[in-house]
Amino acid sequence: MSKTNTGRFFEDFVVGETIHHATPRTVTVGDVALYTALYGSRFAVQSADAFARGVGYPHAPVDDLLVFHIVFGKTVPDISLNAVANLGYAGCRFLHAVYPGDTLSAISEVIGVKENSNGKTGVVYVRTQGFKQDGTEVLDYIRWVMVRKRDAATPAPEAVVPEVPAALAADTLGDAAPVISGTYWDDRLSGSPHRFADYLPGERIDHVDGMTVEEAEHQIATRLYQNTAKVHFNQHTEGQGRFGRRLIYGGHVISLARALSFNGLANAWHVAAINGGRHVAPLFAGETVYAWSEVIDHAELPGRDDIGALRLRTIATKDRACADFPYVDAENRYDPSVILDLDYWALIPR
């Protein structure tokens with residue numbers, strides 16, 4: 001019996017099975033500093049203990065997307081080591097704040113499988129939950145990923161495609177945020193005077209800035225999350241693949257777009273939920289990421305007069321500035337520059 005792990009292939013997944021992922025991870029202030037170094041995120045609550053304590057946190061929480069990436073990374077050796085590409089996300093809820101010193105672990109349930117028409121790959125659907133050391137659930141999300149088959153001749157399993165929510169209701173949001181003190185929230189320190197009432201559905205915001213991705217940066221970032229997917233690391237194998245080079249982890253693009261969104265959404269400090277996300281096209285080292293956002297909706301939260309929720313669509317592009325908001329054409333085809341289409345709820349003070 002081999003003692004090494006070659007990863008699961010499509011035919012190894014069984015709907016209904018539960019997978020307990022290895023290697024719990026204690027989040028440290030070093031992780032937080034490195035995350036900032038990689039993306040330059042500037043949201044005040046996650047950047048400053050004094051600001052966070054003033055508005056109601058015990059101290060600065062870990063960036064929501066760092067939590068997502070660490071939990072996601074736990075799943076890779078069991079779910080997507082042999083992936084062709086991660087395809088999308090839905091129903092993602094950030095349930096409790098995470099702080100340096102907390103230890104994160106993950107469990108996944110296989111909720112769907114569907115072989116692709118080429119007979120060489122299939123799509124696997126999983127629901128993943130992330131937990132703190134005391135059993136508190138901090139994250140819950142669905143994702144689907146295209147995985148290679150070990151043997152194209154293997155008969156296809158019965159297709160099971162789960163229903164996933166198009167969007168999470170506003171009344172399911174806000175659990176991870178304490179009551180925010182509006183009297184302390186200082187717009188000068190947070191970086192913007194614009195709050196909940198200043199954003200209206202249909203508004204579009206060009207985040208202006210661009211960030212070029214370097215090979216070393218995306219490698220360091222993906223290792224930070226202990227993500228072992230071959231497509232991100234192994235140039236020897238990926239050089240013989242369809243792109244001829246390593247793919248940049250899709251979560252790296254999400255974090256870049258979120259960091260860029262500070263310019264226009266500086267007070268939208270907390271990602272409460274991800275309704276859906278699609279990696280439209282690959283990104284490679286040397287390309288420059290830009291982003292713009294549209295306010296899809298804004299909602300009051302039950303029992304909360306301190307904060308509101310903005311439903312945002314953030315579009316990331318490569319090597320194309322976003323002053324004209326590139327998205328889809330009249331036939332609903334994405335602009336060739338679009339690499340990410342992310343629909344999420346963010347909390348903002350009132």
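Our subject is the structure listed above.
(A) Broad picture of the packing of helix H1 (residues 29-39) against helix H6 (residues 215-224). Two numbers describe how H1 lies on H6: the axes approach to 10 Å, and their chain directions differ by 150°. Between H1 and H6, the angle is such that the two are roughly antiparallel. Of the two elements, H1 crosses H6, and the hand of that crossing is left-handed. Mapping the contact onto sequence places Asp-31, Leu-34, Tyr-35, Leu-38 and Tyr-39 in H1 and Glu-217, Ile-220, Ala-221 and Leu-224 in H6.

(B) Spotlight on the layout of surface pockets. Of the voids in this model, the largest pocket is the one considered here, and its volume is about 700 Å³. Around the largest pocket sit 41 residues that line it, and Asn-86, Leu-87, Arg-278, His-279 and Val-280 are the ones nearest its centre. When residues of the lining of the largest pocket are traced back to their parent elements, those giving at least two are helix H4 (64-79), strand E3 (83-94), strand E6 (137-148), helix H7 (230-233), helix H9 (250-260), strand E9 (270-279) and strand E12 (338-349). Sorting elements by how many residues they give to the lining of the largest pocket places E3 first, with 7 residues. Its residues placed into classes, the lining of the largest pocket shows 26 nonpolar, 9 polar and 6 charged. In this model, the second largest pocket occupies a volume close to 180 Å³. Of the residues in the lining of the second largest pocket, the class split is 4 nonpolar, 4 polar and 4 charged.

(C) Broad picture of the pairing of E9. Across the 10 residues of E9, 9 count as buried, placing the element largely inside the fold. Where E3 lies against E9, 5 bridges are found, and the strand directions are antiparallel. Of the residues in E9, the one forming a bridge with Cys-92 is Ile-274. Where E9 and E12 come together, 8 bridges link them in antiparallel fashion. Along E12, the bridge assignment pairs Ile-274 with Tyr-344.

(D) Fine view of the pairing of strand E10 (residues 288-301). Examined bridge by bridge, strand E7 (residues 204-206) and E10 share 3 bridges and lie antiparallel to one another. Among the inter-strand pairings, Arg-204 is bridged to a residue of E10, identified as Glu-294. For strand E8 (residues 211-212) and E10, the ladder comprises 2 bridges, and the chain directions are antiparallel. Looking at E10, one finds that Met-211 is bridged to Val-289. Counting the residues in the hairpin turn of E10 and strand E11 (residues 304-318) gives 2 residues, including Gly-303, whose phi is positive at 75°.

(E) Region of interest: empty space enclosed by the protein. Inspection of the entire model under this criterion finds 2 cavities of 30 Å³ or more. If you add up the space inside the largest cavity, you get close to 100 Å³. Every residue lining the largest cavity is counted, 14 residues in all, and those nearest its centre are Val-62, Asp-64, His-96, Ala-97 and His-270. Broken down by class, the residue content of the lining of the largest cavity amounts to 10 nonpolar, 3 polar and 1 charged. In this structure, the second largest cavity spans a volume of roughly 60 Å³. Taken together, Leu-65, Ile-254, Ala-257, Arg-258, Ser-261, Val-271, Ile-274, Thr-314, Leu-342 and Tyr-344 make up the full set of residues lining the second largest cavity. For the lining of the second largest cavity, the elements supplying multiple residues, two or more each, are H9, E9 and E12. For the lining of the second largest cavity, the leading source of residues is H9, giving 3 residues. Here the lining of the second largest cavity is composed, by residue class, of 7 nonpolar, 2 polar and 1 charged.

(F) Structural context of the pattern of salt bridges. A full pass over the atoms with the stated rule returns 20 salt bridges. Residues Glu-17 and Arg-8 are paired through a salt bridge, measuring 2.9 Å at the closest nitrogen-oxygen approach. We classify Arg-8 as partly exposed; its relative accessible area is 24%. Among the charged side chains, a salt-bridge network with shared partners connects Arg-93, Arg-127 and Asp-140.

(G) Looking closely at unusual backbone geometry. The phi dihedral of Phe-325 falls on the positive side, at around 55°, and the residue is not glycine. Relative to the helices and strands, Phe-325 is located in the loop between E11 and E12. Within the chain, Asn-332 stands out as a residue other than glycine whose phi angle is a positive 65°. When you line up the elements, Asn-332 lands in the loop between E11 and E12. For Asn-332, a relative accessible area of 60% translates into the label exposed.

(H) Structural detail: the packing of aromatic side chains. Taken as a whole and judged by the stated rule, the model has 15 aromatic pairs. Relative to Phe-72, the ring of Phe-68 has its centre 5.9 Å away and its plane inclined at 35°; by these criteria the two rings are tilted. Taken as a pair, Phe-68 and Phe-72 lie in helix H4 at a separation of 4 residues, close to a single helical turn. Residue classification places Phe-72 among the buried residues on the basis of a relative accessible area of 3%. With 5.5 Å between their ring centres and 55° between their planes, Trp-185 and Trp-269 make a pair best called tilted. Of this pair, Trp-185 sits in the loop between E6 and helix H5 (187-190) while Trp-269 sits in the loop between helix H10 (262-265) and E9; the two residues are 84 residues apart in sequence, bridging distant segments of the chain.

Thresholds, definitions, all that
- Residues numbered from 1 in each chain as written.
- Predicted model: local features only at pLDDT ≥ 70, side-chain atom pairs only at ≥ 80, totals over all residues.
- Heavy atoms only, no water.
- Axes fitted to C-alpha atoms, helices over the stretch in contact; angles between N-to-C directions.
- Helix = DSSP H or I, 4+ residues; strand = E, 2+ residues; numbered from the N terminus.
- Parallel < 35°, antiparallel > 145°, perpendicular 65-115°, else oblique.
- Left-handed = near helix turned anticlockwise from the far one by under 90°.
- Contact = heavy atoms within 4.5 Å.
- 1 Å grid on protein atoms, 1.4 Å probe; cavity = no way out; pocket = protein on both sides within 12 Å on 5 of 7 lines; lining within 4 Å.
- Points joined across faces, edges and corners; volume = space filled by probe spheres on them.
- Nonpolar A, V, L, I, M, F, W, Y, C, P; charged D, E, K, R; others polar.
- Buried < 20%, exposed > 50% of the residue type's maximum accessible area, 1.4 Å probe, protein only.
- Pairing = 2+ DSSP bridges.
- Salt bridge = Lys/Arg side-chain N within 4 Å of Asp/Glu carboxyl O.
- Phe/Tyr/Trp six-rings, centres within 6.5 Å; stacked < 30°, edge-to-face > 60°.

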